[in-house]
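So the chains spell out like this:
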Amino acid sequence: MNFEGYKCGFCGREFFPDEIQYRCDLCDEPLSVVYEYSSLEKKTTVERFSARHSGLWKYRELLPVVPSIQPVSLGELATPLHEAKTLAGSIGLSNVFLKNEGRHPTGSFKDRGTSVGMTVAVERGVKAVGTLSHGNMGTSTAAYAAKAGLTCYILAPANISSTRLLYLSVYGARVILVEDEYDAVYNESLKIGMKYDVFFINSDNPFRTEGSKTMAFEIVEDLGWEAPDWVVAPASSGGMVSGLYKGFLEFKEIGIISDIPKIAVIQPVNSKPIVTAFKKEAEAIERVSHDFISIVRSLGNPYPPSGNRVLKLLRELKGTAIAVSDEETSAAQREMARMEGVFAEPAGAIALAGLKHLIKLHRIEKDEKVVLIVSGFGFRDPGDADSLVDKPLTVGINNLESEIARK
Ligand SMILES: Cc1ncc(COP(=O)(O)O)c(C=O)c1O
Ligand SMILES: [Zn+2]
């Protein structure tokens, strides 16, 4: 195993690999897994990776588990990077790609981090796992815990809908509805987890972030071992964007790419803590925050536990952050489905809505290579379904032929 331990990106403090650690004792910021990069260069070549079967475990030298462990897997994919020619043409760009994370076993990018986190749990002999979620992460964790045969606690908000409860419960997880604010429950989950040996694979758990970073590796591989110019991605806790940055930075560290792409973080207008914080120092657009429940339910985190880390990375690596309205997100869902055949949930389509702002702001040049992270499938959470449906025509059988003949 090349896993050397954990490091805090703020104070630089290092932690040993044998303890399960989540956050820095000194600054309370999330920790990152670190590897012995100098010894990795020969083991992590393009030739070696190219020769392997696809899927996130092909990059296992850069994952924090022992080589002999059998991964807990439900068949997560190397998800497709679709070249979106029609969509690109419609917004005046030449090179737009959709990283279709909706293709994973439970329908979102969360399966990457869950697969890695659950494998770590098995390797370390943990008996119970948990997470804090009313959506994709809860569904993913419950499914993989079932596969691993581990007890699973899902902490969800008390006002959860019955459909969401179904997706959490069907895998046999113990769902506990907690009546309190997100950040309080997040902190409490880590404390209780330490005390009772329950491994909480929350949104920015260092091992979940390790899984998410493989999205960056696949993007580079699919673009011929080159980084794109831009990655446009949704953010809630900031775990996924932290993972994307980590993946690109590691590929640079071991010499596979020479440049880090610029990342644009996109959030809905009613819940945009990262955008708001970032706006103070950059040109992200000014928008009014409304007091309403957005259709982008997967991105509602008011206290992103990796928010400071994402802000630091955006500032250091010339990224940006933008908020978009629900109407813009629904329009993006329609366009992605109609032009490219990809049905995304609102959080999965929000990147396209953000991209249009980046074009208006002249941040993106026509020929730059842009990857949109389509983070989740639309079947489970279509968002504003009415806005996606055109009223169908009703005809009697005698008029059917003439309707079709009319074209
Ligand atoms: C579909 C989807 N996209 C994006 C995100 C945001 O990920 P993160 O919380 O890691 O920022 C989530 C989080 O729940 C999600 O479910
Ligand atoms: Zn620290």
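Residues numbered from 1 in each chain as written. Chains lettered and ligands numbered in written order. Predicted model: local features only at pLDDT ≥ 70, side-chain atom pairs only at ≥ 80, totals over all residues. Heavy atoms only, no water.

Draft legend 1. Geometry of the overall build of the chain. Of regular secondary structure, the chain possesses 14 helices and 13 strands. Rg of the C-alpha trace for the chain: 21 Å, near the compact-globule value of 22 Å for 407 residues, within the 12% margin. Its C-alpha atoms give the chain principal-axis dimensions of about 70 × 45 × 45 Å. In the chain, which comprises 407 residues, the proportion classed as buried is 54%. Sequence-distant contacts, at least 24 apart, represent 72% of the contacts inside the chain between residues at least 6 apart. Total accessible area on the chain is roughly 17600 Å²; 52% of this is exposed by carbon and sulfur atoms. Here the chain contributes 46 positive and 52 negative side-chain charges, whose respective centroids are spaced 2 Å apart. (Helix = DSSP H or I, 4+ residues; strand = E, 2+ residues; numbered from the N terminus. Rg over C-alpha atoms; globule rule 2.2 N^0.38 Å. Buried < 20%, exposed > 50% of the residue type's maximum accessible area, 1.4 Å probe, protein only. Contact = heavy atoms within 4.5 Å. Areas by Shrake-Rupley, 256 points an atom, 1.4 Å probe, with all protein chains shown as cover. Lys, Arg positive; Asp, Glu negative; His and termini not counted. Charge placed at Lys NZ, Arg CZ, Asp CG, Glu CD.)

Draft legend 2. The arrangement of the pattern of salt bridges in detail. For the coordinates displayed, the defined rule picks out 22 salt bridges. The salt bridge partner of Arg-338 is Asp-390, with a shortest N-O separation of 2.9 Å. Of this pair, Arg-338 sits in helix H12 (residues 326-340) while Asp-390 sits in the loop between strand E13 (369-374) and helix H14 (397-405), placing them 52 residues apart in sequence. What emerges from the salt-bridge pattern is a single network uniting Lys-99, Glu-101, Arg-112 and Glu-218. (Salt bridge = Lys/Arg side-chain N within 4 Å of Asp/Glu carboxyl O.)

Draft legend 3. View of the sheet that holds strand E3 (residues 31-35). Here three strands make up an open sheet; going across it, the order is E2-E1-E3 and the pairing antiparallel. At either margin of the open sheet sits one strand with a lone partner, and together these are strand E2 (14-15) and E3. As defined by bridge partners, strand E1 (residues 3-8) adjoins E3 across five bridges and the pair is classed as antiparallel. Following the sheet pairing, Gly-5 is matched in E3 by Val-34. Relative to E3, helix H8 (residues 206-222) is tilted by about 60 degrees, and along the sheet it contacts E1 and E3. (Pairing = 2+ DSSP bridges. Axes fitted to C-alpha atoms, helices over the stretch in contact; angles between N-to-C directions.)

Draft legend 4. Quick look at the coordination of the zinc ion (ligand 2). Here the zinc ion (ligand 2) is held by Cys-8 (SG), Cys-11 (SG), Cys-24 (SG) and Cys-27 (SG), and the distances to it run 2.0 to 2.3 Å. Coordination at the zinc ion (ligand 2) is tetrahedral, judged from the four donor atoms that bind it and the angles of 105 to 113 degrees they form at the metal. Counting the intervening residues between successive donors of the zinc ion (ligand 2) yields the motif C-x2-C-x12-C-x2-C. Of this pair, Cys-11 sits in the loop between E1 and E2 while Cys-27 sits in the loop between E2 and E3; the two residues are 16 residues apart in sequence, bridging distant segments of the chain. Note on Cys-11: relative accessible area 40%, which makes it partly exposed. (Donors = N, O, S within 2.8 Å, 3.2 Å for Na, K, Ca; no water. Tetrahedral: all angles 85-135°; square planar, octahedral: opposite > 155°, others 65-115°.)

Draft legend 5. Inspection of the sheet that holds strand E12 (residues 320-324) at higher detail. Spatially, the six strands line up as an open sheet ordered E4-E5-E13-E10-E11-E12, and their pairing is mixed. Either end of the sheet is taken by a strand with one partner, and the two such strands are strand E4 (81-83) and E12. Recorded for the sheet is a direction-independent mean angle of 25 degrees between the axes of neighbouring strands. In this sheet, strand E11 (residues 262-268) lies alongside strand E10 (residues 230-234) in parallel orientation, the contact comprising five bridges. Each residue of the ladder has a partner; that of Val-232, found in E11, is Ala-264. Along the sheet, helix H9 (residues 239-253) contacts E10, E11 and E13; its crossing angle with E10, the most-contacted strand, is approximately 155 degrees.

Draft legend 6. Spotlight on the site of ligand 1. With respect to spatial proximity, 16 residues lie near ligand 1, and among them Asn-136, Ser-236, Ser-237, Met-240 and Ser-375 are the closest. In this structure, Ser-237 approaches ligand 1 through a side-chain N or O atom, which is 2.8 Å from an oxygen atom. Measuring from an oxygen atom of ligand 1, one finds a backbone N or O atom of Met-240 at 2.8 Å. For ligand 1, whose accessible area on its own is 390 Å², the fraction buried by protein is 94%. Residues of the shell around ligand 1, tallied by class, amount to six nonpolar, eight polar and two charged. (Near = heavy atom within 4 Å. Polar contact = N/O pair within 3.5 Å; in protein donor to acceptor, adjacent residues only side chain to side chain. Nonpolar A, V, L, I, M, F, W, Y, C, P; charged D, E, K, R; others polar.)

Draft legend 7. Representation of the environment of Tyr-59 in the model. Along the polypeptide, Tyr-59 turns up in the loop between helix H2 (46-50) and E4. Overall, the relative accessible area of 1% leaves Tyr-59 in the buried class. Separated by 30 residues in the primary sequence, Tyr-59 and Gly-89 place their C-alpha atoms 34 Å from one another. Not counting chain neighbours up to four residues away, the residues in contact with Tyr-59 comprise Phe-49, Thr-214, Phe-217, Glu-218, Glu-221 and Phe-251. Only 2.7 Å separates the side chain of Tyr-59 from the side chain of Glu-221, close enough to count as a polar contact.

Draft legend 8. Region of the structure containing helix H7 (residues 182-196). With 15 residues, H7 should cover 21 Å at 1.5 Å per step; its first-to-last C-alpha distance of 21 Å lies within 8% of that length. Taken together, the buried positions of H7 are Val-185, Tyr-186, Ser-189, Leu-190 and Gly-193. Along the long axis of H7, the arc covered by the buried residues comes to 140 degrees, so they all point the same way. Seen from the buried face of H7, the exposed residues on the opposite side, beyond 90 degrees, are Lys-191 and Lys-195. (Expected span 1.5 Å × (residues − 1). Arc of directions from axis to C-beta.)

Draft legend 9. Quick peek at a nonpolar patch on the surface. Together, Leu-393, Val-395, Ile-397, Leu-400 and Ile-404 make up an exposed nonpolar region whose accessible area comes to about 530 Å². Among the secondary structure elements, Leu-400 is positioned in helix H14. (Patch = residues over 30% accessible without salt bridge, like charges linked within 9 Å, V, L, I, M, F, W, Y side chains within 5 Å.)

Draft legend 10. View of the side chain of Asp-204. Considering the arrangement of structural elements, one finds Asp-204 in the loop between strand E9 (198-200) and H8. Judged by relative accessible area, Asp-204 falls into the buried class, the value being 2%. Side-chain polar atoms of Asp-204 contact the side chain of Arg-23, separated by 3.4 Å. Asp-204 has contacts with Arg-23, Pro-30, Tyr-186, Thr-209, Gly-239, Pro-305, Ser-306 and Arg-309, leaving out every residue within four places of it along the chain.

Draft legend 11. Up close: the packing of helix H4 (residues 110-123) against helix H5 (residues 136-148). Here H4 crosses H5 at 40 degrees, and the two axes come no closer than 9 Å. On the basis of their axis angle, the class for H4 and H5 is oblique. H5 is crossed by H4, and the crossing has right-handed handedness. Contact residues: H4 offers Lys-110, Asp-111, Thr-114, Ser-115, Met-118 and Val-122, while H5 offers Asn-136, Met-137, Ser-140, Thr-141, Tyr-144, Ala-145 and Ala-148. Taken together, the residues of the contact of H4 with H5 sort by class into six nonpolar, five polar and two charged. (Parallel < 35°, antiparallel > 145°, perpendicular 65-115°, else oblique. Left-handed = near helix turned anticlockwise from the far one by under 90°.)

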